Amino acid sequence: MEDIQNKLTKLDGTPEIVNETAACALVNGNNLFGPVVGNFCTELAIKKAKETGIGWVVANHSNHYGIAGYYSMKICKEGLLGMSFTNTSPYQVPTRAKQNALGTNPITLAAPGHNGDDFVLDMATTTAALGKVEIYEREKLPIPETWGVNKNGEVTTDPADVINGGGLLSLGGAEATGGYKGYGLAMMVEIFCGILGDASYGPNVRKWREPGRIANLGQCFVAINPDVFAPGFRDRMSDLMDHCRGLEPAAGYDRVLVAGDPERAHMQECDENGGIPYPPHLIENMNKLASTLGVEPLKTV
């Protein structure tokens with residue numbers, strides 16, 4: 001909303017295809033809302049995948065597009081494998097470094113199984129999101145050692161160190177525990193989005209809520225038609241997921257899950273409860289925003 005009020009995001013317009021082949025496209029998001037750009041690119045990738053077997057679409061001049069996995073799931077509903085990537089504000093500190101240079105840069109993949117039982121991976125390339133660190137800081141709790149570093153690049157359990165001049169550790173934590181792998185994955189996302197699309201990239205991406213600059217995020221959307229490969233994809237996908245779920249759980253756990261299971265369980269819980277649970281302070285803040293904008297407040301049950 002601040003971007004709109006400060007006229008850093010356009011309200012009207014349409015994303016434009018800048019360059020295109022049968023299977024690929026570069027899209028200029030024209031600084032529109034991220035979800036507008038994301039849906040445009042997703043639908044284009046789906047169309048290309050149905051026609052050629054794969055659709056690979058990259059966008060520049062975009063904005064925060066919400067939940068990365070939403071676009072992968074939208075592709076998956078068409079019977080395709082869906083992937084979505086975006087670069088983000090630089091809060092990730094590369095392995096062996098002191099300064100942050102990359103975002104949380106999420107990776108998503110949705111692959112169709114039988115009867116809507118799909119594999120849905122949606123993960124950041126940092127061990128934790130900055131928002132989680134902020135929650136621990138407000139509640140004055142220590143963070144796990146794999147989450148962040150201080151301004152000297154040293155692993156810390158003090159969330160204030162991360163927020164005040166430090167940064168987030170790559171997925172895996174420090175180098176000794178494999179953090180360089182998360183660092184490499186974050187670079188991969190940056191290549192797909194900022195580098196390939198000539199958007200802002202790495203340290204050039206604006207910090208969250210940085211005044212006076214447009215975001216110019218880079219995003220990537222991929223749709224793959226499994227039918228152009230070996231037949232029986234859904235059978236094998238469902239078999240693998242069911243095999244993993246059927247493994248004997250380790251002590252302290254009641255069952256083994258695959259990507260997408262926790263979210264499906266939460267969605268079912270929301271359906272049964274007739275709504276989505278939110279913390280009271282978030283509802284209060286959202287209703288204040290609704291009042292400012294002159295729209296209906298959230299309805300509680």
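Preceding this paragraph is the structure being described.
Residues numbered from 1 in each chain as written. Predicted model: local features only at pLDDT ≥ 70, side-chain atom pairs only at ≥ 80, totals over all residues. Heavy atoms only, no water.

K.L.:
In this structure, what is going on with the overall build of the protein chain? I would like to understand it.
P.N.:
When helices and strands are counted, the protein chain shows nine helices and 11 strands. For 301 residues, the compact-globule formula gives about 19 Å, and the C-alpha radius of gyration of the protein chain, at 20 Å, lands near that figure. Once the C-alpha set of the protein chain is aligned to its principal axes, its extents read approximately 55 × 55 × 50 Å. Within the protein chain, the fraction of its 301 residues that count as buried is 39%. Look at the contacts in the protein chain between residues 6 or more apart in sequence, and 59% of them connect residues 24 or more apart. Accessible area of the protein chain: about 16,700 Å², with a carbon and sulfur share of 57%. (Helix = DSSP H or I, 4+ residues; strand = E, 2+ residues; numbered from the N terminus. Rg over C-alpha atoms; globule rule 2.2 N^0.38 Å. Buried < 20%, exposed > 50% of the residue type's maximum accessible area, 1.4 Å probe, protein only. Contact = heavy atoms within 4.5 Å. Areas by Shrake-Rupley, 256 points an atom, 1.4 Å probe, with all protein chains shown as cover.)

K.L.:
Would you explain the sheet that holds strand β9 (residues 155–156) in this entry?
P.N.:
The sheet built from four strands is open, its strands ordered β5-β10-β8-β9 with mixed pairing. If you trace the sheet from one side to the other, it starts and ends with β5 (92–93) and β9, each paired once. Bridge count for strand β8 (residues 148–149) against strand β10 (residues 167–169) is two bridges, and the pairing is antiparallel. Each residue of the ladder has a partner; that of Val-149, found in β10, is Gly-167. (Pairing = 2+ DSSP bridges.)

K.L.:
How do you make sense of the pattern of salt bridges when you look at a structure like this?
P.N.:
Should the charged atoms of two oppositely charged side chains come close, the side chains can pair. This model, assessed by the stated rule, comprises 12 salt bridges. One network of salt bridges, in which partners are shared, links Asp-117, Asp-242, Arg-245, Asp-261 and Arg-264. (Salt bridge = Lys/Arg side-chain N within 4 Å of Asp/Glu carboxyl O.)

K.L.:
What exactly am I supposed to notice about the side chain of Asn-28 here?
P.N.:
Note that Asn-28 resides in strand β2 (residues 24–28). Among the polar contacts made by the side chain of Asn-28, one reaches the main-chain amide nitrogen of Asn-30 at a distance of 2.7 Å. Ignoring any residue separated from it by four or fewer positions in sequence, one finds Asn-28 in contact with Pro-15, Glu-16, Val-18, Asn-60 and His-61. (Polar contact = N/O pair within 3.5 Å; in protein donor to acceptor, adjacent residues only side chain to side chain.)

K.L.:
What's the story with the pairing of strand β4 (residues 81–86) in this structure? I'm lost.
P.N.:
Counting buried residues along β4, five of its six residues qualify, which places the element largely inside the surrounding structure. Inspection of the sheet shows β4 paired to strand β11 (residues 217–224) by six bridges, in the antiparallel sense. Bridge pairing in β11 links Thr-86 to Gln-219. As paired elements, β4 and strand β6 (residues 107–111) share four bridges and run antiparallel to each other. When the sheet's bridge partners are listed, Ser-84 is paired in β6 with Thr-108.

K.L.:
Please explain a nonpolar patch on the surface as it appears in this structure.
P.N.:
On the surface, a nonpolar cluster with roughly 770 Å² of combined accessible area is contributed by Met-1, Ile-276, Tyr-278, Leu-282, Met-286, Leu-289, Leu-293, Val-295 and Leu-298. Relative to the helices and strands, Leu-282 resides in helix α9 (residues 280–293). (Patch = residues over 30% accessible without salt bridge, like charges linked within 9 Å, V, L, I, M, F, W, Y side chains within 5 Å.)

K.L.:
I keep staring at the nonpolar core and nothing clicks. Help me out?
P.N.:
Most often, soluble globular proteins have nonpolar side chains that are buried together. Residues Val-27, Cys-41, Val-57, Leu-80 and Ala-223 are the most contacted members of the largest nonpolar core, which totals 18 residues. Ranked by residues supplied to this core, first place goes to helix α2 (residues 34–52) with six residues. Those residues in contact with Val-27, other than ones at most four positions away along the chain, are Pro-15, Glu-16, Ile-17, Val-18, Phe-40, Cys-41, Leu-44, Val-57, Val-58, Ala-59 and Asn-60. Judged by nonpolar contacts, the second largest core, of 14 residues, contains Phe-192, Cys-193, Cys-220 and Val-222. (Core = buried A, V, L, I, M, F, W, Y, C linked by side-chain atoms within 4.5 Å.)

K.L.:
Please clarify how the packing of aromatic side chains should be interpreted in this entry.
P.N.:
Applying the stated criterion to the full structure yields seven aromatic pairs. Taken together, a centroid distance of 5.2 Å and an interplanar angle of 85 degrees make the contact between Trp-56 and Phe-192 edge-to-face. A residue pair is termed long-range when its members are at least 10 positions apart, and Trp-56 in strand β3 (residues 54–62) and Phe-192 in helix α6 (residues 179–197) qualify at 136 residues. According to the relative accessible area criterion, Trp-56 is partly exposed, its value standing at 23%. Where Tyr-65 meets Phe-221, the ring centres are 5.9 Å apart and the plane angle is 65 degrees; that geometry is what we call edge-to-face. Taken together, the residues span a long stretch of sequence, with Tyr-65 in the loop between β3 and α3 (68–76) and Phe-221 in strand β11 at a distance of 156 residues. Among the aromatic side chains, those forming a connected cluster through ring pairs are Tyr-65, Tyr-70, Tyr-71 and Phe-221. (Phe/Tyr/Trp six-rings, centres within 6.5 Å; stacked < 30°, edge-to-face > 60°.)

K.L.:
Got a minute to help me understand unusual backbone geometry in this structure?
P.N.:
Peptide bonds are, in most cases, trans, and in most cases residues other than glycine have a negative phi. A positive phi angle is found at Asn-115, which is not glycine, with a value near 55 degrees. On the secondary structure map, Asn-115 appears in the loop between β6 and β7 (119–123). Taking relative accessible area as the criterion, Asn-115 reaches 82% and is therefore assigned exposed. Even without being glycine, Asp-198 reaches a positive phi, approximately 55 degrees. By the secondary structure assignment, Asp-198 is in the loop between α6 and β11.

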